[in-house]
Amino acid sequence: MIKFLDLNKLNKQFEADFQSKMKQFLDKGWYILGEEVKTFEYDFAAYCGTKYCIGVGNGLDALVLIFKAYMQLGKLKKGDEVIVPANTYIASILAILQADLVPVLVEPKIETYNLDPDLIEVNISSKTKAILAVHLYGQLADMNAINHIAKKHNLLVIEDAAQAHGAILDVANDEFEFKKAGNLANAAGFSFYPGKNLGALGDAGAITTNDDELAAVLFSMRNYGSKVKYHNEMIGVNSRLDELQATFLNVKLPYLDEENTTRRAIAKRYLIEIKNDKIILPFWNESDNHVFHLFVIRTENREQLANYLKENGIETMIHYPIAPHHQEALKDMKSMCFSITEKIHDEVLSIPLNSGLTNGEVNKIVKVINEY
Ligand SMILES: *Cc1c(COP(=O)(O)O)cnc(C)c1O
């Protein structure tokens, strides 16, 4: 069986390093917000090209805290509207709701599965104050267009970069000198959930930004609203990047670009070699703006294809089977209609793609799909 994702295999190559760092960790006995978190924050900010990285508990918290920090700074207030793609992973929408803001769902482009800039402006109201741009499946949203719209309407732009560590904007733009995911807007939220392109061995997340004020609030807010122990300057939360997870992330960060390069190479093979009229392959302009967190194909009879692949020893997954506005948790949105989003959720199927796949496995996946 070719597993969809064999995390054990992927992390095995780091095992010796993990163990020696773990030994150091135990010997040192410093468990919360220590040197490893500081090192990771410094290195990940440098990697993204931002002034700051603030380590937090997970990707959802990263997004929630960005919104709450902007509220603390008076730049957002309860009830403000935030534009978000309708087909995103539900965490993006939950983050907006948990910050007492109002998500305004906007359809994606069917080609890229990312926000359609043409539909953003028609959804802007007097209450709209921000856009949450999601780089879904690892492909950057159209940040030049989104930043232009935001500038025109004086909106904040926040990246949900949970699936796009290391993606690079291919279109250089004079006005926006930013380059990498995490450095393409006002602030960005990352997740290091184990299955992400840069994954910890448990929950972890981070925020990147160039904004001094925002960073200062976030460093305090993630730690009970306190910079000096037992002095609480704001209503904070406990969402710190765990010192042990930072230790593992410090081992893995230097290999992130290599991981992404391998993912692109496999994606390129799939895009060239998979030839089947029943299957729609993902769009990619072959630049580094895509890190292929997922390789998502579409087909009319998804269940049939998934079963066929399973019978032939290939595990698949669906990202995602139910649209957010059809989820029980968001039943207020039940009556809404997003036909592109609904089509996507009916037809998508993710096939295995990660650096743990052997050439032989990729060959087999191509062959089996071509024979479907
Ligand atoms: C994984 C993910 C999140 C949430 O990250 P967690 O670390 O699981 O909280 C948010 N948005 C997107 C698009 C994700 O893929």
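Under an unreviewed UniProt entry, the protein chain has the name DegT/DnrJ/EryC1/StrS family aminotransferase and belongs to Flavobacterium jumunjinense.

Moving on, we get to the overall build of the protein chain. Counting secondary structure elements, the protein chain contains 13 helices and eleven strands. For a compact globule of 372 residues, the expected C-alpha radius of gyration is about 21 Å, and the protein chain comes in at 21 Å, within 12% of that figure. Across its three principal directions, the C-alpha atoms of the protein chain cover 65 × 55 × 45 Å. Going through the 372 residues of the protein chain one by one, you find that 56% of them count as buried. Here the contacts in the protein chain between residues at least 6 apart in sequence split such that 72% fall between residues at least 24 apart. About 16,500 Å² of surface is accessible on the protein chain, with carbon and sulfur atoms providing 52% of the total. Positive and negative charge centroids in the protein chain, built from 39 and 49 side chains respectively, lie 3 Å apart.

Let us now look at the site of the ligand. In the vicinity of the ligand, the contacting residues are Asn 58, Gly 59, Leu 60, Tyr 89, Ala 91, Val 134, Asp 160, Ala 162, Gln 163, Ser 191 and Lys 196. At a separation of 2.8 Å, an oxygen atom of the ligand approaches a polar side-chain atom of Lys 196. When the ligand sits alone it has 380 Å² of accessible area, and the protein chains cover 90% of it. In the shell around the ligand, the residues fall into five nonpolar, four polar and two charged.

How two helices pack is summed up by the angle between their axes together with the distance between the axes. It is the contact of helix H3 (residues 35–48) with helix H9 (residues 243–252), at a shortest axis distance of 8 Å, that shows an interaxial angle of 45°. Considering the angle they form, H3 stands oblique to H9. Two packed elements cross with a definite hand, and for H3 against H9 that hand is left-handed. Together, Glu 35, Glu 36, Val 37, Thr 39 and Phe 40 of H3 and Glu 243, Ala 246, Thr 247, Leu 249 and Asn 250 of H9 make up the contact between the two elements. In terms of residue class, the contact of H3 with H9 is made up of four nonpolar, three polar and three charged.

Another aspect to go through is the nonpolar core. Counting 43 residues, the largest nonpolar core has Phe 40, Phe 44, Met 143, Ile 146 and Phe 192 as its most contacted members. Among the elements of the structure, H3, strand S3 (102–106), strand S4 (128–134), helix H7 (143–153), strand S6 (187–191) and H9 are those that each provide at least two residues to this core. Dropping the residues within four chain positions of it, Phe 40 is found in contact with Ala 45, Phe 192, Leu 198, Leu 241, Ala 246, Leu 249, Asn 250 and Leu 253.

What follows concerns the state of the cysteines. Within the structure shown, the criterion is met by zero disulfides. The cysteine Cys 48 is free of any disulfide, with Cys 53 supplying the nearest cysteine sulfur at 7.0 Å. Judged by its relative accessible area of 3%, Cys 48 falls in the buried class.

Let us now look at the side chain of Asn 289. Mapped onto the elements of the fold, Asn 289 is located in the loop between helix H10 (256–273) and strand S10 (295–298). Since its relative accessible area comes to 8%, Asn 289 is described here as buried.

Calculation criteria
Residues numbered from 1 in each chain as written. Predicted model: local features only at pLDDT ≥ 70, side-chain atom pairs only at ≥ 80, totals over all residues. Heavy atoms only, no water. Helix = DSSP H or I, 4+ residues; strand = E, 2+ residues; numbered from the N terminus. Rg over C-alpha atoms; globule rule 2.2 N^0.38 Å. Buried < 20%, exposed > 50% of the residue type's maximum accessible area, 1.4 Å probe, protein only. Contact = heavy atoms within 4.5 Å. Areas by Shrake-Rupley, 256 points an atom, 1.4 Å probe, with all protein chains shown as cover. Lys, Arg positive; Asp, Glu negative; His and termini not counted. Charge placed at Lys NZ, Arg CZ, Asp CG, Glu CD. Near = heavy atom within 4 Å. Polar contact = N/O pair within 3.5 Å; in protein donor to acceptor, adjacent residues only side chain to side chain. Nonpolar A, V, L, I, M, F, W, Y, C, P; charged D, E, K, R; others polar. Axes fitted to C-alpha atoms, helices over the stretch in contact; angles between N-to-C directions. Parallel < 35°, antiparallel > 145°, perpendicular 65-115°, else oblique. Left-handed = near helix turned anticlockwise from the far one by under 90°. Core = buried A, V, L, I, M, F, W, Y, C linked by side-chain atoms within 4.5 Å. Disulfide = S-S within 2.5 Å.

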